[in-house]
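Each chain, written out:
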Amino acid sequence: MGELKKVLVTATNYSALCADAKRLLEEGGCEIVENKLGRPHTFEELIPLVGDIDGVIAGVDTWNEDVFKLAPKLKAIARFGVGVDNIDLIKAREYGIQVTNVPGGNANAVAELTVGLLLAAIRRLPALHQSARRGYWDRHVGEELAGKTVSLLGFGNIAQMVAKKLGGFDVAVIAYDKYPNEAKAKELGVELVTAEEALARGDIVSMHLPSIAETRHMMNDARFAMMKPGAYFINTARGALVDEQALYSALESGTIAGAAIDVYEAEPVSADNPLFRLDNIVTTPHTAAETEETYHRVGLVTAEALLDVFAGRQPKHPVLG
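Treat the numbers as computed from the prediction; the structure is a model and nothing was measured.

### A few points about the pairing of strand E6 (residues 149–153)
Reasoning step 1: Judged by how many residues are buried, E6 sits mostly within the fold: five of five residues are covered.
Reasoning step 2: What you see with E6 is no split at all: Thr 149, Ser 151 and Leu 153 on one side and Val 150 and Leu 152 on the other are buried throughout.
Reasoning step 3: In this sheet, strand E7 (residues 172–176) lies alongside E6 in parallel orientation, the contact comprising five bridges. Bridging from a neighbouring strand, Val 150 pairs with Val 173 of E7.
Reasoning step 4: Handedness of the crossover joining E6 and E7 through helix H8 (residues 157–165): right-handed.

Set out below in structure tokens:
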């Protein structure tokens, strides 16, 4: 066996949930350094870890030129998921680093949590849970999903799964996408509309767009004002898509009735985030993809990607900068 390849895993819970993937890497001649923090690494925490690594299985930590300069042996970053907005793809290419991801690997998990957050928001489930535990017996009068219109901003794999799962809830589903899949929309009974129409007609607006320069702060004061009075906003995509101050204002003023979000502009999110002072928002800590099934599936794909790069083979899911 040749020289061991050193692989840093910044995704969390690796040994517990990706045992088959870890075994595959070890059998392929890799030494694994795992994330012991249970959260993304800061730049300062990455500094002592990257000097001699050959590959990374990356969570949502930031991988940019500041890090690449400190990692002269780094040849591959396998993103443990789909979104690569935390990786500077242009600089990665300049430094000869291959980047891969796992398209659709976490789609079902994210779609399921999206529906869960949607229901939690319109029925105020977290608040009712706390009320019952404290003996307050606050029987909040919520809303039913049946008969409502759900707007999907973006109509990729996750949004399509959300539409499919909503099929039994007696709702109308409309969607906006810059490059819409008309065949899939017809199959799922989804009406394709403009972004403005999606905002204006939706009783629930659910965000599923990619995080790129064009979509940064897509949801701002003006777009929240376009939403139907009494509507709800859901975001399980990326925090950068939403101006959090605008979301706070829309919730605090009653422009929209409520929100449920899994992602934030800065992560890990700070406990003093103003959104946490509001009663009409449900929050989770970027956990949409956190299922045993996703970890197993994505773990194997990312392990195979690194082994392919180390062996000089083309990985299955390269991401071009």
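### Focus on the nonpolar core
It is characteristic of soluble globular proteins that their nonpolar side chains tend to be buried jointly.
Reasoning step 1: Ranked by size, the top nonpolar core spans 30 residues in total, and within it Leu 153, Met 207, Met 219, Phe 224, Met 227, Phe 233 and Leu 247 carry the most contacts.
Reasoning step 2: Contributions of two or more residues to this core are made by helix H10 (195–201), strand E9 (204–207), helix H12 (244–253) and strand E11 (258–261).
Reasoning step 3: For this core, the leading source of residues is H12, giving five residues.
Reasoning step 4: Ala 111, Ala 159, Ile 234 and Ala 260 belong to the second-largest nonpolar core, a separate cluster that totals 25 residues.

### Quick notes on the packing of helix H6 (residues 107–123) against H8
Reasoning step 1: Two elements in contact, H6 and H8, have axes whose closest approach is 8 Å; the angle formed by their N-to-C orientations is 50°. As the angle between them shows, H6 and H8 are arranged oblique. Crossing of H6 against H8: the hand is right-handed. Residues Ala 107, Asn 108, Val 110, Ala 111, Glu 112, Thr 114 and Val 115 of H6 lie in contact with H8, whose contacting residues are Asn 157, Ile 158, Met 161, Val 162 and Lys 165.

### Comments concerning unusual backbone geometry
Reasoning step 1: Residue Pro 268 is bonded to the preceding Glu 267 through a cis peptide linkage, with omega at -5°.
Reasoning step 2: Position of Pro 268 among the secondary structure elements: in the loop between E11 and strand E12 (281–283).
Reasoning step 3: Within the chain, Asn 13 stands out as a residue other than glycine whose phi angle is a positive 60°.
Reasoning step 4: Here Asn 13 is to be found in the loop between strand E1 (5–9) and helix H1 (14–17).
Reasoning step 5: In the Ramachandran plot, Arg 124 falls in the positive-phi region, its phi being about 55° despite a non-glycine side chain.
Reasoning step 6: One can find Arg 124 in the loop between H6 and helix H7 (125–133).

### Re the UniProt feature "domain: D-isomer specific 2-hydroxyacid dehydrogenase catalytic" (unreviewed entry) in the chain
Reasoning step 1: Residues given the UniProt feature "domain: D-isomer specific 2-hydroxyacid dehydrogenase catalytic" (unreviewed entry) here are residues 15–319.
Reasoning step 2: Helix makes up 36% of residues 15–319 and strand 14%. Its end C-alpha atoms lie 26 Å apart.

### A closer look at the sheet that holds E9
Reasoning step 1: Strand order in the open sheet formed by seven strands is E8-E7-E6-E9-E10-E11-E12, and the pairing between neighbours is parallel. Among the strands making up the open sheet, the edge pair consists of strand E8 (191–192) and E12.
Reasoning step 2: Sheet analysis places E11 next to E12, joined by three bridges and oriented parallel. Across the sheet, residue Ile 261 finds its bridge partner in E12, namely Thr 283.

### Focus on the packing of aromatic side chains
To describe a pair of aromatic rings, you give the distance between the ring centres and the angle between the ring planes.
Reasoning step 1: A complete count under the given rule lists four aromatic pairs for this structure.
Reasoning step 2: Between the aromatic rings of Tyr 264 and Phe 276, the centroid separation amounts to 6.1 Å while the plane-to-plane angle is 75°, which identifies the pairing as edge-to-face. A residue pair is termed long-range when its members are at least 10 positions apart, and Tyr 264 in the loop between E11 and E12 and Phe 276 in the loop between E11 and E12 qualify at twelve residues.
Reasoning step 3: Residue classification places Phe 276 among the partly exposed residues on the basis of a relative accessible area of 34%.
Reasoning step 4: Just above the ring of Phe 310 sits the side chain of Lys 5; from NZ or CZ to the centre is 5.8 Å.

### Section: the UniProt feature "domain: D-isomer specific 2-hydroxyacid dehydrogenase NAD-binding" (unreviewed entry) in the chain
Reasoning step 1: UniProt tags residues 115–288 as "domain: D-isomer specific 2-hydroxyacid dehydrogenase NAD-binding" (unreviewed entry).
Reasoning step 2: The span residues 115–288 carries 33% helix and 16% strand; its end-to-end C-alpha distance comes to 11 Å.

### What to know about the pattern of salt bridges
Reasoning step 1: Scanning the entire structure with this criterion turns up 16 salt bridges.
Reasoning step 2: Across the pair Glu 214 and Lys 178 runs a salt bridge, and its minimum N-O distance is 3.1 Å. Linking Glu 214 in the loop between E9 and helix H11 (221–226) with Lys 178 in the loop between E7 and helix H9 (182–188), this pair joins segments that are 36 residues apart in sequence.
Reasoning step 3: Taking the relative accessible area as the measure of exposure, Glu 214 reaches 56% and is therefore exposed.
Reasoning step 4: You can call Lys 178 partly exposed: its relative accessible area is 45%.
Reasoning step 5: Of the charged contacts, one joins Glu 197 and Arg 201 as a salt bridge, the two residues approaching to 2.9 Å between their closest N and O atoms. Of this pair, Glu 197 and Arg 201 are both found in helix H10, four residues apart, which corresponds to roughly one turn of the helix.
Reasoning step 6: Looking at Glu 197, the relative accessible area reads 31%, which means it is partly exposed.
Reasoning step 7: Among the charged side chains, a network of salt bridges with common partners joins Glu 3, Asp 54 and Lys 73.

### What about the sheet that holds strand E4 (residues 76–79)?
Reasoning step 1: Read across the open sheet, the five strands follow the order E2-E1-E3-E4-E5; overall the sheet is parallel. Each edge of the sheet is formed by a strand with only one pairing partner; in this case those strands are strand E2 (30–34) and strand E5 (98–100). Going from strand to strand, the sheet's axes swing by 15° on average, the running direction of each strand aside.
Reasoning step 2: Sheet analysis places strand E3 (residues 55–58) next to E4, joined by four bridges and oriented parallel. Its bridge partner being in E4, Ile 57 is matched across the sheet by Ala 78.
Reasoning step 3: Helix-sheet contacts for helix H2 (residues 19–27) involve E2 and E3, and the interaxial angle to E2 is about 140°.
Reasoning step 4: Sitting on the sheet, helix H13 (residues 292–310) is in contact with E1, E2, E3, E4 and E5, with an inclination near 165° to E4.

Thresholds applied
Residues numbered from 1 in each chain as written. Predicted model: local features only at pLDDT ≥ 70, side-chain atom pairs only at ≥ 80, totals over all residues. Heavy atoms only, no water. Buried < 20%, exposed > 50% of the residue type's maximum accessible area, 1.4 Å probe, protein only. Helix = DSSP H or I, 4+ residues; strand = E, 2+ residues; numbered from the N terminus. Pairing = 2+ DSSP bridges. Right-handed = clockwise from strand over helix to strand, strands pointing away. Core = buried A, V, L, I, M, F, W, Y, C linked by side-chain atoms within 4.5 Å. Axes fitted to C-alpha atoms, helices over the stretch in contact; angles between N-to-C directions. Parallel < 35°, antiparallel > 145°, perpendicular 65-115°, else oblique. Left-handed = near helix turned anticlockwise from the far one by under 90°. Contact = heavy atoms within 4.5 Å. UniProt positions renumbered as here; feature names shortened; annotations may be inferred. Phe/Tyr/Trp six-rings, centres within 6.5 Å; stacked < 30°, edge-to-face > 60°. Lys NZ or Arg CZ within 6 Å of the ring centre and 35° of its normal. Salt bridge = Lys/Arg side-chain N within 4 Å of Asp/Glu carboxyl O.

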